[in-house]
Amino acid sequence: MKNITCRACTAADAATLAALGAQTFCETFEHCNTSEDMRQYISENFTPAALARELAMPQSEFYLAESAGRPAAYMKLNFGAAQTEPHFPGCAEVQRLYVLAECKRTGIGRALMETALRRAREENAAGIWLGVWEHNYPAQAFYKTFGFSQVGAHTFVLGQDVQTDLIFYKKLP
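The paragraphs below set out a description of the structure included in this document. As the structure is a computational prediction, the values presented were derived from the model and not from experiment.

1. With respect to the overall build of the protein chain
Okay, so step 1: Within the protein chain, the regular secondary structure consists of five helices and seven strands.
Okay, so step 2: Shown N-terminal to C-terminal, the secondary structure of the protein chain runs as helices and strands in the order β-α-α-α-β-β-β-α-β-α-β-β.
Okay, so step 3: Compactness check: the protein chain gives a C-alpha radius of gyration of 15 Å against a globular reference of 16 Å for 173 residues, within 12% of the reference.
Okay, so step 4: The C-alpha extent of the protein chain, read off along each of the three principal axes, is 40 × 35 × 30 Å.

2. Digging into the packing of helix H1 (residues 14-29) against helix H3 (residues 48-55)
Okay, so step 1: Two elements in contact, H1 and H3, have axes separated by 8 Å at closest approach and are oriented at 115°. H1 and H3 meet at a crossing whose hand is right-handed. Seen from H1, the contacting residues are Ala14, Ala15, Leu17 and Ala18; seen from H3, they are Pro48, Leu51, Ala52 and Leu55.
Okay, so step 2: Residues belonging to the contact of H1 with H3 are distributed by class as follows: eight nonpolar, no polar and no charged.

3. Some points on the nonpolar core
Okay, so step 1: By size, the foremost hydrophobic cluster in this structure holds 51 residues, and its most contacted members are Phe25, Met113, Ile128 and Tyr143.
Okay, so step 2: No other element matches the eight residues that H1 contributes to this core.

4. Some remarks on the sheet that holds strand S3 (residues 70-79)
Okay, so step 1: What the seven strands build is an open sheet, ordered S1-S2-S3-S4-S5-S7-S6; its pairing is mixed. Each edge of the sheet is formed by a strand with only one pairing partner; in this case those strands are strand S1 (4-8) and strand S6 (149-158). Each strand of the sheet is rotated relative to its neighbour by a mean of 25°, with strand direction disregarded.
Okay, so step 2: Relative to strand S4 (residues 92-99), S3 runs antiparallel, the two being bridged by seven bridges. Bridging across to S4, Met75 finds its partner in Leu97.
Okay, so step 3: Here H3 sits on the sheet and contacts strand S2 (60-67), S3 and S4; the angle it forms with S2, its principal contact strand, is near 120°.
Okay, so step 4: Running at roughly 165° to strand S5 (residues 127-133), helix H5 (residues 137-144) makes contact with S4, S5 and strand S7 (161-171) of the sheet.

Here is what the cut-offs are and how they apply
Residues numbered from 1 in each chain as written. Predicted model: local features only at pLDDT ≥ 70, side-chain atom pairs only at ≥ 80, totals over all residues. Heavy atoms only, no water. Helix = DSSP H or I, 4+ residues; strand = E, 2+ residues; numbered from the N terminus. Rg over C-alpha atoms; globule rule 2.2 N^0.38 Å. Axes fitted to C-alpha atoms, helices over the stretch in contact; angles between N-to-C directions. Left-handed = near helix turned anticlockwise from the far one by under 90°. Contact = heavy atoms within 4.5 Å. Nonpolar A, V, L, I, M, F, W, Y, C, P; charged D, E, K, R; others polar. Core = buried A, V, L, I, M, F, W, Y, C linked by side-chain atoms within 4.5 Å. Buried < 20%, exposed > 50% of the residue type's maximum accessible area, 1.4 Å probe, protein only. Pairing = 2+ DSSP bridges.

Structure representation (structure tokens):
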């Protein structure tokens, strides 16, 4: 994929992020979850209003990756109190990193992860962590290429289904 750009998002990107988030989430997880659970999760988390609230959160940053000017992936990065787990003080969290199915293995996910690592270093974070679904083996392999390793697990609720996310961590120099 050529002409990959990553840029910080603003409130004006809420609708784009909502649409991209719903599409990428469905492409990644719909095959292994009920339609009811997927519908509930998407209706609660991937609306323009929900994304506008998240964009306004202090210490959270969104990045949109585009290929040839077309949205193809996005990432949410949290610092400080915005992190979803209290066990990583002084660290950064990649809360979401989703890529359109047609754009996977093109370098666009790598560009977002490099952005996350750069931002974490700019903020003098001691490390960076994320949760990844225990059955999402391609994502786990992707994170391992950046030096992440599993350090724990936590629950993730998708609709009515309680699932397990593995926590991956990378210490930063």
